[in-house]
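# What the coordinates show
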Amino acid sequence: MRTTVGIIGAGPAGLLLARLLHRAGIESVVLEGRDRDYVEQRQRAGILEQGTVDVLRAAGAGDRMDREGLRHDGIELRFDRRRHRVDFPALTGGRSVTVYAQTEVCKDLIALRLEEGGPLLFEAEALAVEGAQSDRPRVAFRHQGREDVLECDYVVGCDGFRGVARRAFPAGVSRVFERSYPYAWLGILADVAPSHDELVYARHERGFALLSMRSPAVSRLYLQVPAGTEAGAWSDEAVWDELERRLETDDGWRLERGPVTQKSVTPMRSFVHEPMRHGRLFLAGDAAHIVPPTGAKGLNLAVGDVVTLARALAHERRTGSPELLDAYSATCLRRIWQAERFSYDMTTLLHRAPDATGFDARLQLARLERIASSRAAGTDLAEAYTGFPLG
């Protein structure tokens, strides 16, 4: 099998890259190790930056998002039982975010790929990337019980943190920067209307809490818990009780409870792999970087990567110049490190570390007071949350 761009992974990064390349007249093959049902059902991110929304619309993949997605013009910060709203459009010149789950983005892109695009092979397990520095890199894969090889002009690893693409980088080339956090998020999905119309980020002495949503009828909520916590260690009632404590305010606001349909634990880490290119092998999305979810950046960083790469591949085809491809890693890493910085800042601003002192707690409150009282500080948060420039 032969193609121009071999894409490993049918998450949002791989699917959107395939869509952008198709629109630019560049053929590709997408290999996904899981089946279609798994890809369309796995729960991940739910916040789309303004730039991500614009890209999906321009790619012809935004119709259902525009019908069903929930535009949000701000978030609420809670601390000391008080509430402060950060108004995105007022602070950014009109930008906003949209609540639309990653599962739905994948469903839309899969449908378009199968209707209009090239090959998308599910249950096609990538085994190795070979010849990354040659003119004909290859992806060895297994599909329907048979081993095969996909020959390409370029290979793009959109196969996540544990995928094979990053392992094809020689040890002497790779540089890894990472931090693990001593806490995790216990998340629930619940069949109950959200108790607030925007996301609520709460800093509390007992730990962080987040009120989010998937739709007008489905709530998504999170609690900070110690790293290594098992989801089954918390009963539904205990989760609701703790959310109520951490989200409580002095103005009579109430948390509405409902049936819990899903419970899971998300570990917290920061990770960056440099560079993001080795020969004709490129990394995108979680294969190259991980952020703690506090800043809602993971999916949006992946979009930034593939927009940059699709633009570079189209430029090379149109002009013969490799200039943008050669700049891919450096271009992406500028945005990635800003997102890493913001995600780290939001995480340390709102979470209680196990060894936190009274001094640390006072600093958190001082930082939150600064955001609440200073337009400049509020603007910095709003600009970062709604998205750094793509490319």
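Thresholds, definitions, all that
Residues numbered from 1 in each chain as written. Predicted model: local features only at pLDDT ≥ 70, side-chain atom pairs only at ≥ 80, totals over all residues. Heavy atoms only, no water. Helix = DSSP H or I, 4+ residues; strand = E, 2+ residues; numbered from the N terminus. Rg over C-alpha atoms; globule rule 2.2 N^0.38 Å. Buried < 20%, exposed > 50% of the residue type's maximum accessible area, 1.4 Å probe, protein only. Lys, Arg positive; Asp, Glu negative; His and termini not counted. Charge placed at Lys NZ, Arg CZ, Asp CG, Glu CD. Pairing = 2+ DSSP bridges. Domains from an automatic or database assignment. Contact = heavy atoms within 4.5 Å. Buried area = accessible area lost by both parts, 1.4 Å probe. Nonpolar A, V, L, I, M, F, W, Y, C, P; charged D, E, K, R; others polar. Phe/Tyr/Trp six-rings, centres within 6.5 Å; stacked < 30°, edge-to-face > 60°. Lys NZ or Arg CZ within 6 Å of the ring centre and 35° of its normal. UniProt positions renumbered as here; feature names shortened; annotations may be inferred.

The name given to the protein in an unreviewed UniProt entry is 4-hydroxybenzoate 3-monooxygenase, with the source organism recorded as Streptomyces argyrophylli.

## Focus: the overall build of the protein
Helix and strand counts for the protein come out as twelve helices and 20 strands. In terms of overall dimensions, the protein is globule-like: its C-alpha atoms have a radius of gyration of 21 Å, near the 21 Å expected for 391 residues. On the principal axes, the C-alpha backbone points of the protein span a range of 65 × 40 × 40 Å. The buried share of the protein, taken over its 391 residues, is 55%. The protein carries 52 positive and 55 negative side-chain charges, and their two centres are separated by 2 Å.

## Quick look at the sheet that holds strand E4 (residues 70-72)
Spatially, three strands are ordered E3-E7-E4 in an open sheet, and the strand pairing comes out antiparallel. Strands with a single pairing partner mark the edges of an open sheet, and in this sheet they are strand E3 (47-48) and E4. Note: E4 against strand E7 (residues 97-99), three bridges, orientation antiparallel. The partner of Leu 70 across the bridge, within E7, is Val 99.

## Some remarks on the environment of Glu 115
Structurally, Glu 115 can be placed in helix H6 (residues 102-116). Classification of Glu 115 by relative accessible area gives exposed; the value is 64%.

## Focus on the domain arrangement of the protein
Partitioning the protein into domains gives domain 1 (5-71 + 102-178 + 269-346) and domain 2 (183-267 + 354-386). Each of domain 1 and domain 2 has a C-alpha centre, and the two are 30 Å apart. With 19 residues of domain 1 at the contact, the number on the domain 2 side is 18 residues. Roughly 1,300 Å² is buried in total at the junction of domain 1 and domain 2, and carbon and sulfur atoms are behind 62% of that figure. Where the side of domain 1 that touches domain 2 is concerned, the elements lending two or more residues are helix H3 (50-58) and helix H10 (328-350). Of all the elements, H10 adds the most residues to the side of domain 1 that touches domain 2, at four residues. A per-class count over the side of domain 1 that touches domain 2 returns seven nonpolar, six polar and six charged.

## Looking at the packing of aromatic side chains
Counted under the stated rule, the structure contains eleven aromatic pairs. Summarising the aromatic geometry, the rings of Phe 177 and Trp 337 are spaced 5.8 Å apart at their centres and angled 80 degrees between planes, so their arrangement reads as edge-to-face. Taken together, the residues span a long stretch of sequence, with Phe 177 in strand E13 (residues 175-190) and Trp 337 in helix H10 at a distance of 160 residues. Judged by relative accessible area, Phe 177 falls into the partly exposed class, the value being 36%. Put simply, the rings of Phe 88, Trp 185, Tyr 201, Phe 208, Tyr 222, Phe 342 and Tyr 385 touch in pairs and so form one group of aromatic residues. Of note, Arg 34 hangs over the ring of Tyr 38, and the distance from its end group to the ring centre comes to 4.2 Å. Arg 166 extends its terminal NZ or CZ atom over the ring of Phe 161, reaching a point 4.8 Å from the ring centre.

## Some remarks on the UniProt feature "domain: FAD-binding" (unreviewed entry) in the protein
Following the UniProt record, the feature "domain: FAD-binding" (unreviewed entry) maps to residues 2-343 here. Each end of residues 2-343 is marked by a C-alpha atom, and these two atoms are 39 Å apart; helix forms 31% of the span and strand 32%.

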